[in-house]
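These are the residues of each chain, in order.
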Amino acid sequence: MKAHDGMYIDGAWRPADGRDTIDVVNPVDEQVIGKVPAGSALDVDTAVRAARAALPGWAATPPAERAARLAALRDVLVARKDEIAETVTAELGSPLKFSQAVHAGAPIAVAGSYAELAATHAFEEKVGNSVVHHEPVGVVGAITPWNYPLHQIVAKAAPALAAGCTMVLKPAEDTPLVAQLFAEAVHEAGIPAGVFNLVTGLGPVAGQALVEHPGVDLVSFTGSTAVGRRIGATAGAAVKRVALELGGKSANVILPSADLAKAVNVGVANVMSNSGQTCSAWTRMLVHRDQYDEAVSLAAEAAATYGDRIGPVVNAEQRERVRGYIGKGVAEGARLVAGGPEAPREQGYFVSPTVFADVTEEMTIAQEEIFGPVLSILRYEDEDDALRIANGTVYGLAGAVWAGDEADAVAFARRMDTGQVDINGGRFNPLAPFGGYKQSGVGRELGAHGLTEYLQTKSLQF
């Protein structure tokens, strides 16, 4: 798609406040494929004012009508699925097949789920002699990342709009083109002017202005834990609500009774998916000491098949960050069994699919989020040791457990300090709540739990 040179505010594409622009670079060939405006605090203010002006009308719109607009939005996304996939592939570098299935497919599913929830959710309930009314929290400031650029937008916009909120979106500067495409889809779906507004720009400028703006009632952010802390501190000073989906260092626990080959192969695929740029990726594989050597061999063989199957990471900075972590893993004594820090290609931001063995829990690569195609394999002595290691990071976003008896896997999963656990390769469910424990965030996305993040509660006593 051709990049817009303005902001989508109050139902129209409007000129930006300044002339500064941001280059959009294809990570595969490092070529500039477009430019978007670098929004200012004034652009943010204009967008927030539009959202506030639209709030009373949209909040008063019956839920069934909001559901109809969301259903129309889903239909537009379906009609433009190929364009969505091609856009994400161009600005993120994701292989086209993955972009079609995940980067385009998941947002369509999520948008559809909120079209249904908007029509069926109980926005009012009777409790004793009271009527409890759930109403929109107000204007939402949404800041989204580049790793799943449209999915993260829809995971915030769909529930916010279903709840009756209006919003301003500041997408990641690396992947703004699909955000502009989404604004086009909102317009085509007939969502009223001012309900959804888009300001492209840099985090320290446009993002910070959005977080600090007094007209924003809730900030929904997905990104690093470090940035989430700053947003939380700023919002807390203003007693402003936040929803934070942050980092992860998820454990893939393979119990001795599991199908080892399947668990290892699926685990490697999970880490390599989206070039490792997934906050919920199972980047720590925990294997019993008696099966450790076999698991390492299987993982190395599996990783070797991904050399030509994954795309690059998003930019040069991220590539060097990931390669730096690989170097640190070697320096701290982990054993490379696949990949390494060397660039696999002369052009593009590619990182070799990498697997480390002999990783111990105190190593940097076992504790910090790398956000690249890097797997660490750790050994454990017994189930209690596995649980201690699995819970032994500051994160708690996701995880997996494998066992021959599903009940054993469930029992182990219930003891894990994490927000979501896949049992024996469980499938993605767009209706299940997603979010983390500890420093992985505050609040939940997706399904009914995601909708309630954008509602506030009022009690009427009779």
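Note that the structure is a prediction, hence the values are computed from the model and not measured.

## Notes on the overall build of the protein
Point 1. When its secondary structure is counted, the protein shows 15 helices and 22 strands.
Point 2. The dimensions of the protein, computed from C-alpha atoms along their principal axes, are 65 × 60 × 40 Å.
Point 3. The buried share of the protein, taken over its 462 residues, is 58%.
Point 4. In the protein, of all internal contacts separated by at least 6 residues, the share reaching a separation of at least 24 is 73%.

## Brief notes about the pattern of salt bridges
Point 1. Per the stated rule, a full pass over the model turns up 19 salt bridges.
Point 2. Here R80 makes a salt bridge to E188, at a shortest N to O gap of 4.0 Å. Of this pair, R80 sits in the loop between helix 2 (63-79) and helix 3 (81-92) while E188 sits in helix 6 (residues 177-188), and the two are 108 residues apart along the sequence.
Point 3. Residue R80 is classed as buried on the basis of its relative accessible area of 15%.
Point 4. Taking the relative accessible area as the measure of exposure, E188 reaches 53% and is therefore exposed.

## Remarks on the packing of helix 2 against helix 6
Point 1. Where helix 2 contacts helix 6, the axes come no closer than 8 Å and their chain directions differ by 130 degrees. Classified by the angle their axes make, helix 2 and helix 6 are oblique. As for how helix 2 packs across helix 6, the hand of that crossing is right-handed. Residues L73, V76 and L77 of helix 2 lie in contact with helix 6, whose contacting residues are F182, A185, V186 and E188.
Point 2. Residues of the contact of helix 2 with helix 6, tallied by class, amount to six nonpolar, no polar and one charged.

## What to know about the environment of A64
Point 1. When you line up the elements, A64 lands in helix 2.
Point 2. Residues A64 and L150 lie 86 residues apart in sequence; the distance between their C-alpha atoms is 25 Å.

## Description of a negative patch on the surface
Point 1. A cluster of acidic side chains, namely D382, E383, D405, E406 and D408, defines a negative patch on the protein surface.
Point 2. Note on placement: E406 falls in helix 14 (residues 406-414).
Point 3. Since its relative accessible area comes to 52%, E406 is described here as exposed.

## A closer look at the sheet that holds strand 5 (residues 124-127)
Point 1. The three strands lie next to each other as 5-6-22, forming an open sheet whose pairing is antiparallel. Pairing within the sheet leaves two strands with one partner each, and these edge strands are strand 5 and strand 22 (455-461). The average undirected angle you get between the axes of adjacent strands in this sheet is 25 degrees.
Point 2. Note that strand 5 and strand 6 (residues 130-136) share four bridges and pair antiparallel. Within strand 6, the residue paired with K126 across the bridge is V131.

## What to know about the packing of aromatic side chains
Point 1. Counting across every chain of the model gives four aromatic pairs.
Point 2. Centroid distance Y8 to F196: 6.5 Å. Interplanar angle 35 degrees. Geometry classified as tilted. Placement of Y8 in strand 1 (residues 6-9) and of F196 in strand 9 (residues 196-198) is noted, with a sequence separation of 188 residues between them.
Point 3. For Y8, a relative accessible area of 2% puts it in the buried group.
Point 4. Assessed through its relative accessible area of 1%, F196 is described here as buried.
Point 5. Both rings, one in W146 and one in F371, keep their centres 5.5 Å apart while their planes meet at 80 degrees; by these two values the pair is edge-to-face. Here W146, found in the loop between strand 7 (139-143) and helix 5 (149-163), pairs with F371, found in the loop between helix 12 (364-367) and strand 16 (374-380); they are 225 residues apart in sequence, far enough to count as distant. As far as burial versus exposure is concerned, W146 and F371 are alike and both buried.

## What to know about empty space enclosed by the protein
Point 1. Evaluated as defined, the whole model comprises four cavities of 30 Å³ or more.
Point 2. Here the largest cavity defines a volume of roughly 80 Å³.
Point 3. Together, 14 residues line the largest cavity, and R284, A390, Y395, A398 and T418 are the ones closest to its centre.
Point 4. When its residues are assigned to classes, the lining of the largest cavity shows six nonpolar, five polar and three charged.

## So, the nonpolar core
Point 1. Judged by nonpolar contacts, the single largest core of 62 residues is most densely connected at L73, L77, F182 and F196.
Point 2. Residues contacting L77, with those up to four places away along its chain left out, are I84, P107, I108, A111, V154, F182 and A185.
Point 3. Counting 30 residues, the second-largest nonpolar core is a separate cluster that includes A251, V253, A366 and L378.

## Overview of the packing of helix 4 (residues 96-120) against helix 5
How two helices sit against one another is set out by the angle between their axes and by the gap between those axes.
Point 1. In contact at an axis separation of 8 Å, helix 4 and helix 5 are set at 10 degrees when each is read in the N-to-C sense. Classified by the angle their axes make, helix 4 and helix 5 are roughly parallel. In this structure, helix 4 contributes H103, A106, P107, V110, A111, Y114 and A118 to the contact, and helix 5 contributes P149, L150, H151, V154, A155, A158, P159 and A162.
Point 2. The class makeup of the residues in the contact of helix 4 with helix 5 is 13 nonpolar, two polar and no charged.

## Some words on the environment of H103
Point 1. With respect to the helices, strands and loops of the structure, H103 is situated in helix 4.
Point 2. Placed 46 residues apart in sequence, H103 and G57 show a C-alpha to C-alpha distance of 32 Å.
Point 3. If we ignore the near neighbours within four places in the chain, the residues touching H103 are I84, V88, L92, S94, F98, N147, Y148, P149, L150 and N274.
Point 4. There is a polar contact of 3.0 Å between the side chain of H103 and the side chain of N274.

Rules used throughout
Residues numbered from 1 in each chain as written. Predicted model: local features only at pLDDT ≥ 70, side-chain atom pairs only at ≥ 80, totals over all residues. Heavy atoms only, no water. Helix = DSSP H or I, 4+ residues; strand = E, 2+ residues; numbered from the N terminus. Buried < 20%, exposed > 50% of the residue type's maximum accessible area, 1.4 Å probe, protein only. Contact = heavy atoms within 4.5 Å. Salt bridge = Lys/Arg side-chain N within 4 Å of Asp/Glu carboxyl O. Axes fitted to C-alpha atoms, helices over the stretch in contact; angles between N-to-C directions. Parallel < 35°, antiparallel > 145°, perpendicular 65-115°, else oblique. Left-handed = near helix turned anticlockwise from the far one by under 90°. Nonpolar A, V, L, I, M, F, W, Y, C, P; charged D, E, K, R; others polar. Patch = residues over 30% accessible without salt bridge, like charges linked within 9 Å, V, L, I, M, F, W, Y side chains within 5 Å. Areas by Shrake-Rupley, 256 points an atom, 1.4 Å probe, with all protein chains shown as cover. Lys, Arg positive; Asp, Glu negative; His and termini not counted. Charge placed at Lys NZ, Arg CZ, Asp CG, Glu CD. Pairing = 2+ DSSP bridges. Phe/Tyr/Trp six-rings, centres within 6.5 Å; stacked < 30°, edge-to-face > 60°. 1 Å grid on protein atoms, 1.4 Å probe; cavity = no way out; pocket = protein on both sides within 12 Å on 5 of 7 lines; lining within 4 Å. Points joined across faces, edges and corners; volume = space filled by probe spheres on them. Core = buried A, V, L, I, M, F, W, Y, C linked by side-chain atoms within 4.5 Å. Polar contact = N/O pair within 3.5 Å; in protein donor to acceptor, adjacent residues only side chain to side chain.

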